[in-house]
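# A closer look at the structure
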2 protein chains.
Amino acid sequence: MRELMKKIVEEGKVLSEHVLKVDRFLNHQVDPQLMKKIGETFANAFRHEGITKVLTLESSGISPALMTAYELGVPLLVARKRKPVTLSEDVYTAKVYSFTKQEETEIFVSQSLLRRQDHVLIIDDFLANGQAALGLTNIVQQSGASVAGIGIVIEKAFQDGGQLLRSRGFRVMSLARIASMRDGKVQFVKEVMYQ
Amino acid sequence: MRELMKKIVEEGKVLSEHVLKVDRFLNHQVDPQLMKKIGETFANAFRHEGITKVLTLESSGISPALMTAYELGVPLLVARKRKPVTLSEDVYTAKVYSFTKQEETEIFVSQSLLRRQDHVLIIDDFLANGQAALGLTNIVQQSGASVAGIGIVIEKAFQDGGQLLRSRGFRVMSLARIASMRDGKVQFVKEVMYQ
């Protein structure tokens, strides 16, 4: 998605070979018009797949996922990283290891909100090691529902998450695929996809 | 907002006199079409106020705030509850006490994302004791920017947050004001506002 790649180059900041800061438009400050276009792009790609729910993980995934769910006309389901006091019923859980924070988090989805009949599109802001997305697919599978695909805003293609998910048979659609961030410079994977 | 009140009655669940569960459409599962209408309602009320930014707190505030920012055509700023590794620069912070969780959280906003010239609309999903909203106004004031108003999806009008914020001179607009939740039943404040 050309507009997203432009934003990454112009407003992103490479903090190290592995860490890209995009807090001007994606997670801390969010560009709602860009999120709308991201949502339209994901929705257009999955419009004829019979999606019944969009699933994401709080909190940076919410903005692109909400716009995608809006465009598809289906509910958004937000997996929680902490079990809220109001979530007293049975839950599906999965463990997600964050390499950035070097800690394991448990994520939760109420069992009553995922049904065997659901066909779920997973959306997240970043794909690096694939642990968060894998945890979300795990939760969908526990419910007996099916995963239609995984939509990623920014894939760090030099890390192994994309390969891990694709090798398990998941359709992964990334709007921007970064090949490297050496010397403080973002290089995208050279391919003409999803523009 | 009549459609929201209908949703609360039909899909909300009163867990106690103080706790309302709305995880079918507002926080765990989110109704994007309802969020769009909520965003339009806030945007219409503040459209001529010269808003430059919408500010919310992760993560349940993001959905209504994103749609409001989209409608106003301004960026959304999401105050963080944990300082992410990518947030290395100077931050404004405020302490927010949660009566529900009985714990104090520190919230963060990057100093580079709030300017003295900003005129900020604060959006949050719930207003009970007003501590989260107050923390957000505190952060806006630290930056020298001004608070245009506070938009709340659901106000528990039987708790003192609304009065606290209004007594400090803030314009508070709540789309649904709950007078009581006694006997497992939601009673709204009887007033004809913002419908």
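Definitions and limits used
- Residues numbered from 1 in each chain as written.
- Chains lettered and ligands numbered in written order.
- Predicted model: local features only at pLDDT ≥ 70, side-chain atom pairs only at ≥ 80, totals over all residues.
- Heavy atoms only, no water.
- UniProt positions renumbered as here; feature names shortened; annotations may be inferred.
- Helix = DSSP H or I, 4+ residues; strand = E, 2+ residues; numbered from the N terminus.
- Buried < 20%, exposed > 50% of the residue type's maximum accessible area, 1.4 Å probe, protein only.
- Contact = heavy atoms within 4.5 Å.
- Polar contact = N/O pair within 3.5 Å; in protein donor to acceptor, adjacent residues only side chain to side chain.
- 1 Å grid on protein atoms, 1.4 Å probe; cavity = no way out; pocket = protein on both sides within 12 Å on 5 of 7 lines; lining within 4 Å.

As recorded in an unreviewed UniProt entry, chain A goes by the name Xanthine phosphoribosyltransferase, listed as coming from Parageobacillus thermantarcticus. Recorded in UniProt under Subunit (unreviewed entry), the annotation for chain A is "Homodimer." Heading Subcellular location (unreviewed entry) of the UniProt record for chain A holds this comment: "Cytoplasm".

Right, let's talk about the environment of A:Arg82 for a bit. You can see A:Arg82 is positioned in the loop between strand S5 (76-79) and strand S6 (91-98). Accessibility expressed as a relative area gives 48% for A:Arg82, which makes it partly exposed. When the C-alpha atoms of A:Arg82 and A:Ile154 are compared, they prove to be 25 Å apart, with 72 residues separating the residues in sequence. Discounting chain neighbours no more than four positions away, the residues touching A:Arg82 are A:Glu58, A:Phe108, B:Lys101 and B:Glu103. Among the polar contacts made by the side chain of A:Arg82, one reaches the side chain of B:Glu103 at a distance of 3.1 Å.

Residues and elements named next belong to chain A. Sequence positions flagged by UniProt for "binding site: xanthine" (unreviewed entry) are, in local numbering, Leu20, Asn27 and Lys156. Those annotated residues that line the largest cavity are Asn27. Along the chain, the position of Leu20 falls in strand S2 (residues 20-21). Here Lys156 is to be found in strand S9 (residues 146-156).

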